[in-house]
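Descriptive structure summary
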Amino acid sequence: SELPREASEYFGNCLLQFLPAMVAARAPEACGQGDTASWPAAMRGAVIAEGGQLTREYEYIQQLRSAYERSDSEEAAMAKDRGGRTSGPHRVQAPPACVTLELGGHLFDSMFINKVCDLVESQRGRVQITNIDVGSTVGDTSRASILVMAQTQEVLDKIVGMIFSAANEAKVSFRRTGSDRDGASMPAEAKRAILLLGSGFVSGPVIEYLLRRPENVVTVASIQRSELENFAQRFGARCQPQFLDVLSEDAEMAALREDLVKKSDVIVSLVPATMHVGMAKLAIKHKTHMVTASYVSEQMQSLDKDARDAGVLIINEVGLDPGIDHLGAMKMIHHATSSPGCRVLKFSSLCGGLPAPEAAGSSPLGYKFSWSPKGVLLASRNSAKWMQDGKLCEVPGSELLASAKPMTLNNALAFDVLPNRDSTAFAELYGMPEVPTFFRGTLRYRGYCERMITVARLGLLEPGPVEQLLPLKEKSPTRRQWFAQLLGCVADDDTMLDAAMSERLGSGSDAELGKEFIGWLGLLSDEALPQAPAENPIDVTTALLNRAEMLYQPGERDMVAMYHELLVERSDGAIERHTATLIEYAEPHGVTAMAKTVGLTAAIAAQLVLDNPAPFGVGA
């Protein structure tokens, strides 16, 4: 590889002023006996070895070598015990004394980062920036995590004290993190208790993120005992499993719920949205903040006054959709309309959780279930409304699938776009109540809607009970018999059954595609009907779709796709088009894309609340 010419020239010009001192220096016979002590600090600090020995600032290199050698011998011994198998990379010991500091504020325009580096260098220590988040505007603050290293603990403590004093003077937030994974050395009063409701796919990333902070202790509450045990084994002592039924009316279980809420600093609820409200009421009662990734329901909205009066945060919609979509949209809107006289003409936000393209082909729907299959089917019956060119468009749930429009993303991904519930409610929340076009949509692979329209038109999404199916409640019909009963025809007559489907589906290629999908579901076979209430078509359809092709197999990845589009008219009449695209894939055999994008967002919100709830509108 090769450095750009201008970078090489710049470095050479900087180095030039030091060359006379370097050329004139005597070659040292031992460390510290040469002329380097009189060199400028910038050059003196770059001397790694002198007189055949490591200089003081770089003695840790030998310690690292020793750690590697020790790890090699220990690994070899352990491998021998395991029959020759190795266990992975070496564990290298940390420098003699080190600590991670978290800093927040105007770190760069105030030159505070430079001040920190100067302080560390003055004590012959070393500093490394391990993480940094720079504000997007002049008024935004920045955050940085730095690793400070020194030869002794005494020197390290002195450096940390100097940085702490400088941080107070510069009005920069300062926090010294611990290195104890299980938090054993953390004082009890410093620990933060987090109650996590739910133990599904999304919970893992939430726990992993929150346990980065040594003061956090997470209690995972669920009815799935095996998942609770897995989390406890995976994450250690600071992840505490607790069997809990959120909906149980049993007095003992109700008392346990109340006790868990009372002892917690924040609740993260990842259970189905219908279960949030009861826990939110307990949170308000015991003044415990709460975070969810679900839409704000009418029942949740009704708690707003009680929560405000109690000074309790009930933060919803901090997942993917809703969540990341809101944040991305608002950032995009603020940036695009920052110039005076700009006017938004159109805003659209599309999002979907899907199989990665290589995993989608095994399912005729191009879809696989990562959450409740029935929930996916019910979403296909939601009514929707949005603004289009200044006109209100409304679609009843029965026509939602038929209203889908095609789109291609990144010249590669062919999607159907379904209207997503009531978009108009978000236009006002986004500060654009008068925008001519405001649309929120759901993404599915092309072909999904064609097949699901068939399911809907044949009555397979009806919640039930359906009157003509009631006689089958206590019987054991075949799939074909049940389907014929639903359509009101005779199961043994192929011609009549085909005619009944054609009457509802019409003719043409779409109808033939639909019939093919009905055959794939097995509704024309003589197999036994799966275990489900026969009088409720949507439950039967859910059971029929619960098959290997519709589920993620080991190694298969899911994908999250999100797309924002904004049309802005500038003050001079010119039209600008702004777009933003998010494509996130799962890790093979690892965390799903949906779990990352929903779980990490919710965990970040919970940590922000724990650190300082004041910016959200309540006192600390």
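Here, the structure is the one placed above.
All values reported here derive from a predicted model rather than from experimental measurement. (Residues numbered from 1 in each chain as written. Predicted model: local features only at pLDDT ≥ 70, side-chain atom pairs only at ≥ 80, totals over all residues. Heavy atoms only, no water.)

Here we come to the pairing of strand β14 (residues 384-388). Relative to strand β15 (residues 391-395), β14 runs antiparallel, the two being bridged by five bridges. If you follow K385 over to β15, its bridge partner there is E394. Hairpin connection, β14 to β15: the antiparallel pair is bridged by two residues, and D389 has positive phi, about 55 degrees. (Pairing = 2+ DSSP bridges. Helix = DSSP H or I, 4+ residues; strand = E, 2+ residues; numbered from the N terminus.)

To continue, consider the packing of aromatic side chains. The final tally for this structure, using the stated rule, is eleven aromatic pairs. Linked through ring pairs, Y295, F347, F426, Y430 and F438 together constitute an aromatic cluster. Cation over ring: R440 sits above F426, and NZ or CZ is 4.2 Å from the ring centre. Its guanidinium or amino end placed over the ring of W520, R547 lies 3.8 Å from that ring's centre, counting from NZ or CZ. (Phe/Tyr/Trp six-rings, centres within 6.5 Å; stacked < 30°, edge-to-face > 60°. Lys NZ or Arg CZ within 6 Å of the ring centre and 35° of its normal.)

Here six strands make up an open sheet; going across it, the order is β9-β8-β7-β10-β11-β12 and the pairing parallel. Unpaired on one side and paired on the other, β9 (239-243) and β12 (314-315) mark the two borders of the sheet. Where strand β11 (residues 289-292) meets β12, two bridges bridge the pair, whose relative direction is parallel. Within β12, the residue paired with M290 across the bridge is I314.

The sheet built from four strands is open, its strands ordered β4-β5-β3-β6 with antiparallel pairing. Strand pairing shows two members of the sheet lacking a second neighbour, β4 (126-133) and β6 (173-176), which therefore form its edges. Looking at each pair of strands side by side, their axes are set apart by 20 degrees on average, direction ignored. Across four bridges, the pairing between strand β3 (residues 97-105) and β6 is antiparallel. Looking at β6, one finds that L101 is bridged to R176. Lying on the sheet, helix α5 (residues 112-122) is in contact with β3, β4 and β5 (142-150); it crosses β4 at an angle near 160 degrees. (Axes fitted to C-alpha atoms, helices over the stretch in contact; angles between N-to-C directions. Contact = heavy atoms within 4.5 Å.)

To continue, consider the environment of R176. Checked against the element boundaries, R176 lands in strand β6. Distance in space between the C-alpha atoms of R176 and V160 is 8.7 Å, their sequence separation being 16 residues. Apart from residues no more than four positions distant in its own chain, R176 is found in contact with V99, T100, L101, Q153, D157 and V160.

Another aspect to go through is the side chain of N216. Considering the arrangement of structural elements, one finds N216 in strand β8 (residues 216-222). Classification of N216 as buried rests on a relative accessible area of 0%. Of note is the side chain of N216, whose polar atom sits 2.7 Å from the side chain of Q607. For N216, the contacting residues outside a window of four places in its chain are R192, I194, L210, L211, R238, Q607 and L610. (Buried < 20%, exposed > 50% of the residue type's maximum accessible area, 1.4 Å probe, protein only. Polar contact = N/O pair within 3.5 Å; in protein donor to acceptor, adjacent residues only side chain to side chain.)

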